[in-house]
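Structure assessment
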Amino acid sequence: MSTGYRPEWVQGAFVDLIGSRLNPFWSLTVPKIRLLARHRLSDDLIALQFETNRAFRQQALDIQGGQYLNLSVVIDGIFYQRRYSLVGLPQQSLWWQDDSANMKASKHKLRHTVTIAIKPQGKVSNYLIKRMPLGSTIHSSVPTGSFTLAQAALAQAELVKKPEHNPSAPVLFIAGGSGITPMLGLITEALQYGYQVTLLHYNRTLLLESQWQQLASDYPDFTYHLIDTADSSTYLAGTRHLSSDSLLTLNLPLAETIIFACGSHALLTGLYAAADQITLPDGKSLRDNIIVESFGSAFVDSTNEQSHDKEMTQTVYLRARQRQFSSDTTLLTGAEKAGLRLTYGCRQGICQLCRCQKVSGVVKNVQTGKLSSDGNEFIQTCINVAMTDVVLDV
């Protein structure tokens, strides 16, 4: 049987090639987005709204709050890839738009848009904010990521031992600085589904006050605390830092509360330290309730026992290459020390480029301290260390 000729593939590739010459936004297979507008959310946070192409819409069947896009950008002839959180979903109106803008948008029903938020720092972010002309087209992944309500539903089902999640159960969002960006669309989505939502946002200035005021007015189950780290009148439990007292002050049933957290390594370290100081019934750990979307460098876990675990040397086997190496650090670093090159991007657990399939063995996420199962699952090599001998499909 001949397997070398696939005329339908040739046709699709040919149409894409010709279409991209006529209009760079067109593609049958490649998701692309086109810049429509910029909006300043604060002095250091800019929102960018993009129109999506047909391939994007066909492949992005379920866009959720808390997900992100991997954008591919060419700057001065060099290819860059960066990840940015979604703050505006196709089914959500943008809170900063006035009525006239919303009416204008409704006239263009064929336009399917997504919106991201960017902090003006770094080569790619500054290019997107300052240099890229309106109407420019760039390649994009479809929305992805597990920092979503679907993940919360799975966690809550386990916590309350029920087959389905309870939308009225509490959800706590804890953000530091620009860590609020993946939560913007997610909080609105959670409220629309009937969750009881509490927000803690630690920042050097108060951010998006009008947005939170509007949500609190529209949804009685929404409570927010904006902690200006330079203003003691905004502190919880008398401290500018996140602590166990801060969490207890909220009067939430913490054993049943799912916690979404995003921020610097210092904030996340403080959160896990606070969780360790809170005793839950039936021997439960508050750590198990935490879902993390982190940025910045990976942090060392606060418990001495786990720090000792990292010093144990394990054997990592790369099945596809039939190579193995010993490692007492992250899988990515261990491979590099052994002279083996693995795919990576940010090296901080953000971009997902190092994601691969673990066939067997137990690994530990150095950002959250959580242990994996012993079975088949996807992991990120830059933020996981081997706790047993591990087989990777690499």
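Among the residues of helix 4 (residues 123-131), those classed as buried are Val124, Ser125, Tyr127, Leu128 and Ile129. In this fold, the buried residues of helix 4 make contact with strand 1 (32-42), strand 2 (45-52), strand 3 (68-75), strand 4 (78-88), strand 5 (113-118) and strand 6 (137-140).

Attention now goes to the nonpolar core. The biggest cluster of nonpolar side chains holds 32 residues, and the ones touching the most others in it are Phe173, Ile187, Trp212 and Phe260. Secondary-structure elements contributing two or more residues to this core are strand 2, helix 5 (149-160), strand 7 (170-176), helix 6 (181-192), strand 8 (196-203), helix 7 (209-218), strand 9 (222-228) and strand 10 (258-262). Here this core gets 6 residues from one element, more than from any other, and that element is helix 6. If we skip the residues at most four places from it in the chain, phenylalanine 173 touches Met183, Leu186, Ile187, Ala190, Val197, Thr198, Leu199, Leu200 and Phe260.

What follows covers the environment of leucine 186. As for its position among the elements, leucine 186 is in helix 6. The spacing of leucine 186 and leucine 149 is 37 residues in sequence and 7.5 Å in space, taken between C-alpha atoms. Each residue touching leucine 186, except ones within four places of it in the same chain, is listed here: Gly65, Gly66, Phe147, Thr148, Leu149, Phe173 and Phe260.

Okay, the packing of aromatic side chains next. Enumeration over the complete set of coordinates arrives at 4 aromatic pairs. Considering the side-chain rings of tryptophan 212 and phenylalanine 222, the 6.0 Å spacing of their centres and the 45 degrees angle between planes classify their relative orientation as tilted. Of this pair, tryptophan 212 sits in helix 7 while phenylalanine 222 sits in strand 9, placing them 10 residues apart in sequence. On the basis of relative accessible area, tryptophan 212 is assigned to the buried category, the value being 0%. Ring geometry for phenylalanine 222 versus tyrosine 224: centroids 5.8 Å apart, planes at 20 degrees, classification stacked. Through successive ring pairs, a cluster of aromatic residues spans Phe147, Phe173 and Phe260. The ring of phenylalanine 25 has arginine 34 sitting right over it, with the charged end atom 3.9 Å from the ring centre.

The next subject is the sheet that holds strand 12 (residues 314-318). Taken together, the 5 strands give an open sheet; going across it, the order is 13-12-18-14-16, and neighbouring strands pair in mixed fashion. Each edge of the sheet is formed by a strand with only one pairing partner; in this case those strands are strand 13 (323-327) and strand 16 (377-380). Along the sheet, successive strands turn relative to each other by an average axial angle of 35 degrees, direction set aside. Bridging between strand 14 (residues 355-360) and strand 18 (residues 390-392) involves 2 bridges; their strand directions are antiparallel. Within strand 18, the position partnered with lysine 358 by the bridge is leucine 392.

Of all 8 residues in strand 8, 7 are buried; the element is thus mostly enclosed. Pairing between strand 7 and strand 8: 7 bridges, direction parallel. Its bridge partner being in strand 8, isoleucine 174 is matched across the sheet by leucine 200. Following the backbone out of strand 8, through helix 7 and into the adjacent parallel strand 9, one traces a crossover that is right-handed.

Right, let's get into the pattern of salt bridges. Under the definition given, this model contains 5 salt bridges. The residue aspartate 393 makes a salt bridge to arginine 319 at a minimum N-O spacing of 3.6 Å. With a gap of 74 residues between them, aspartate 393 in the segment after strand 18 and arginine 319 in the loop between strand 12 and strand 13 connect regions that are remote in the sequence. Taking the relative accessible area as the measure of exposure, arginine 319 reaches 41% and is therefore partly exposed.

In this section: the sheet that holds strand 8. The strands that make up a sheet pair up through hydrogen bonds in the backbone, lying either parallel or antiparallel. What the 5 strands build is an open sheet, ordered 9-8-7-10-11; its pairing is parallel. Bordering the open sheet on either side are strand 9 and strand 11 (290-292), each of which pairs with just one other strand. Averaged over all pairs of adjacent strands, the angle between their axes in this sheet comes to 15 degrees, without regard to strand direction. With 3 bridges connecting them, strand 10 and strand 11 associate as parallel partners. In the strand pairing of strand 11, isoleucine 259 is matched with isoleucine 290. On the sheet, helix 6 packs against strand 7, strand 8, strand 9 and strand 10 and is oriented at approximately 165 degrees with respect to strand 7.

With that out of the way, let us pick up the confidence of the model for the protein chain. Taken over all residues, the pLDDT of the protein chain has a mean of 82, while the share at 70 or more is 80%. Confidence drops under a pLDDT of 50 for residues 99-110, and excluding neighbours within four residues, the segment shows 2 contacts in the predicted structure. In this model residues 295-311 is a low-confidence stretch, pLDDT under 50, and it forms 48 contacts with partners more than four residues away in sequence or in other chains.

Taking 1.5 Å per residue, 12 residues should reach 16 Å; helix 9 (residues 265-276) reaches 17 Å between its end C-alpha atoms and fits that length. If you check which residues of helix 9 are buried, you get Leu267, Leu268, Gly270, Leu271, Tyr272, Ala274 and Ala275. Those residues of helix 9 hidden inside the fold are in contact with strand 7, strand 8, helix 8 (244-249), strand 10 and strand 11.

As for its position among the elements, proline 90 is in the loop between strand 4 and helix 3 (99-107). For the pair proline 90 and threonine 52, spaced 38 residues apart in the sequence, the C-alpha separation amounts to 10.0 Å. In this view, proline 90 contacts Ile63, His112, Thr113 and Val114; residues no more than four positions away in its chain are not counted.

Definitions and limits used
- Residues take numbers from 1 onward in each chain, read along the sequence in its written order.
- Two thresholds apply to this predicted model, a pLDDT of at least 70 for residue-level local features and 80 or more for giving and counting side-chain atom pairs, whereas whole-chain, interface and lining totals are computed over all residues.
- By convention in this description, side-chain values take in all heavy atoms of the structure and omit both hydrogens and water.
- Burial status follows relative accessibility: with a 1.4 Å probe on protein chains alone, a residue under 20% of its type maximum counts as buried, one over 50% as exposed, and anything between as partly exposed.
- A run of DSSP states H or I qualifies as a helix once it reaches four residues; a run of E qualifies as a strand once it reaches two. Both are numbered from the N-terminal end.
- Note on contacts: a residue pair qualifies if any of its non-hydrogen atoms lie within 4.5 Å across the two residues.
- Among the buried residues, those of types Ala, Val, Leu, Ile, Met, Phe, Trp, Tyr and Cys that are joined through side-chain atoms within 4.5 Å form a nonpolar core.
- Stacked, edge-to-face and tilted are the three classes for Phe, Tyr and Trp ring pairs, Trp counted by its six-membered ring, which pair at centre distances within 6.5 Å; planes under 30 degrees apart are stacked, over 60 edge-to-face, the rest tilted.
- Counting as a charge over the ring demands two things of the Lys NZ or Arg CZ atom: a distance within 6 Å of the ring centre and an angle within 35 degrees of the ring normal.
- Here, any two strands with at least 2 DSSP bridges between them count as paired.
- Interaxial angles span 0 to 180 degrees and are taken between N-to-C directions of axes, which are lines fitted to C-alpha atoms, for helices over the stretch in contact.
- The path from the first strand over the helix to the second decides the hand: if it runs clockwise while the strands point away from the viewer, the crossover is right-handed.
- One speaks of a salt bridge when a side-chain nitrogen belonging to Lys or Arg is within 4 Å of a carboxyl oxygen belonging to Asp or Glu.
- Known as pLDDT, the predictor's confidence for each residue is given on a scale from 0 to 100.
- One less than the number of residues in a helix, times 1.5 Å, gives the span that helix is expected to have.

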